[in-house]
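# A structural walkthrough
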Amino acid sequence: DPQQIELATASKRKLRRFIVIDEVVDKLYGSKVREYFEQNNVQHKILALPTTEETKSMDLVLNILHEVQSFSLDRRTEPIIAIGGGVCLDIVGLAASLYRRRTPYIRVPTTLLSYVDASVGAKNGVNFLQCKNKLGGYTPPVASFLDRSFIQSIPRRHISNGLGEILKMALMKHKGLFDLLKNHGKYLLDTKFQSCNGFAHHGDAALQTTRIAIETMLEELAPNLWEDDLDRLVDFGHLISPELEMRVLPSLMHGEAVNIDMAFMTYVAHARGLLGAEEKEQILQCMRGLELPVWHSGCSWALIQRALRERLKHSGGQPRMPLPTGLGVADIFNDTSEETLERAYKLWVKD
């Protein structure tokens, strides 16, 4: 906005920014970030932190807030900037929401998972008592800046991890997105979601895939930003996975745990007669093509039962189970019997 630029440059007060960056991202891009602020004559403080599921705690939030306080941040005109993966964005979002009750913040996702998932919506939080995101709130960022060039430096497994969340939206809402993943999955993994000239037969699969994933996520989240309605298709893959992910840390990444949950729920949908055998196989084949795990030995029948009991506690006494009813279409079910779940589990284990 030219008016905003004029106001900012006309002000006699020097621009100031407080930046929290994941320490791995800082090693790769820290010099460029510092150069950017220096060239634009912005007084800045960069705090590099280890932001992992294991460190995702109130201790790290308080660490950030101590630094914010010493920087003397203006809570109205100086947004905190978070540069990193989903864990970093979650932690900084919570810190910003607590400081002076609400300080604006900006999300800059650097992984594929955070690009299509954590960049969208209002949620933030930290783990507590070995429970995933047990403490948190709803404070949307003032902006999310999306730059796919960050993704080129992350390992292949992290690309696959992000593809798990993209596949979630494809199975729930968009057959075209499912087809893109099925047909171009290996290409997207190989090129790390960079738009490459000379690959016309793939079109710009990276741009199409990320755009559709974000648009479908926004369609779901925007009308229900504060989760007043607990019937949420975006919860697909998130019924069993929180329990599994925390139980086996650090062996599974978030998108991998989500995919294992989705694989099991695909069997549940098949056991209920919602999916034919061919559709079930297409989904599993697509998952394997995206190099995502479809099974983990830690996902025992006892863990599934425990996770579903926990689900009932925070979903109004109903399981609210999103299940695919075809490729790219889904519904939410509250009447899946334990017998059906056990039958699906046995078939899953056998396969």
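Residues numbered from 1 in each chain as written. Predicted model: local features only at pLDDT ≥ 70, side-chain atom pairs only at ≥ 80, totals over all residues. Heavy atoms only, no water.

- In the nomenclature of an unreviewed UniProt entry, the protein corresponds to ARO1 protein from the organism Chloropsis cyanopogon.

### Observations regarding the packing of helix α3 (residues 58-71) against helix α4 (residues 86-98)
- Where α3 contacts α4, the two axes come as close as 9 Å, and the packing angle between them is 60 degrees. By the angle between their directions, the pair α3 and α4 is classed as oblique. Remark: the crossing between α3 and α4 carries right-handed chirality. Together, M58, L60, V61, I64 and L65 of α3 and I91, V92, L94, A95 and L98 of α4 make up the contact between the two elements.
- Its residues assigned to classes, the contact of α3 with α4 comprises 10 nonpolar, no polar and no charged. (Axes fitted to C-alpha atoms, helices over the stretch in contact; angles between N-to-C directions. Helix = DSSP H or I, 4+ residues; strand = E, 2+ residues; numbered from the N terminus. Parallel < 35°, antiparallel > 145°, perpendicular 65-115°, else oblique. Left-handed = near helix turned anticlockwise from the far one by under 90°. Contact = heavy atoms within 4.5 Å. Nonpolar A, V, L, I, M, F, W, Y, C, P; charged D, E, K, R; others polar.)

### Observations regarding the packing of aromatic side chains
- By the definition in use, this model includes nine aromatic pairs.
- For the pair F264 and Y345, a centre-to-centre distance of 6.3 Å together with 75 degrees between the ring planes defines the contact as edge-to-face. Residue F264 is located in helix α10 (residues 254-271), and its partner Y345 is located in helix α13 (residues 338-350); the two are separated by 81 residues in the primary sequence. The exposure classification of F264 matches that of Y345, with both residues buried.
- For the ring pair W295 and W348, a centre distance of 4.9 Å and an interplane angle of 80 degrees mean the geometry is edge-to-face. (Phe/Tyr/Trp six-rings, centres within 6.5 Å; stacked < 30°, edge-to-face > 60°. Buried < 20%, exposed > 50% of the residue type's maximum accessible area, 1.4 Å probe, protein only.)

### Details of unusual backbone geometry
- For the peptide bond that leads from L249 to P250, omega is 0 degrees, which places it in the cis range.
- By the element assignment, P250 lies in the loop between α9 (241-247) and α10.
- Unusually for a residue other than glycine, R100 sits at a positive phi of about 50 degrees.
- A positive phi angle is found at N133, which is not glycine, with a value near 50 degrees.
- Following the sequence through the fold, N133 ends up in strand β6 (residues 131-138).

### Notes on α10
- Taking 1.5 Å per residue, 18 residues should reach 26 Å; α10 reaches 26 Å between its end C-alpha atoms and fits that length.
- Here α10 lies mainly inside the structure; 16 of its 18 residues are buried.
- Taken from the residues just after α10, G273 is the one with a positive phi, measuring 85 degrees. (Expected span 1.5 Å × (residues − 1).)

### A look at the pairing of strand β4 (residues 105-109)
- Judged by how many residues are buried, β4 sits mostly within the fold: five of five residues are covered.
- Neither face of β4 is exposed, since Y105, R107 and P109 on one face and I106 and V108 on the opposite face are all buried.
- Pairing between strand β3 (residues 80-84) and β4: five bridges, direction parallel. Bridge pairing in β4 links I81 to I106.
- Handedness of the crossover joining β3 and β4 through α4 is recorded here as right-handed.
- Summarising the sheet, β4 and strand β7 (residues 143-144) pair through two bridges and their orientation is parallel. Looking across to β7, one finds that R107 is bridged to S144. (Pairing = 2+ DSSP bridges. Right-handed = clockwise from strand over helix to strand, strands pointing away.)

### Remarks on the sheet that holds strand β2 (residues 43-49)
- The strand order β2-β1-β3-β4-β7 describes an open sheet built from five strands, whose pairing is parallel. Strands with a single pairing partner mark the edges of an open sheet, and in this sheet they are β2 and β7.
- Packing against the sheet, helix α2 (residues 23-39) makes contact with β1 (16-22), β2 and β3, and its axis sits at approximately 160 degrees to β1.
- Along the sheet, α4 contacts β1, β3 and β4; its crossing angle with β3, the most-contacted strand, is approximately 165 degrees.

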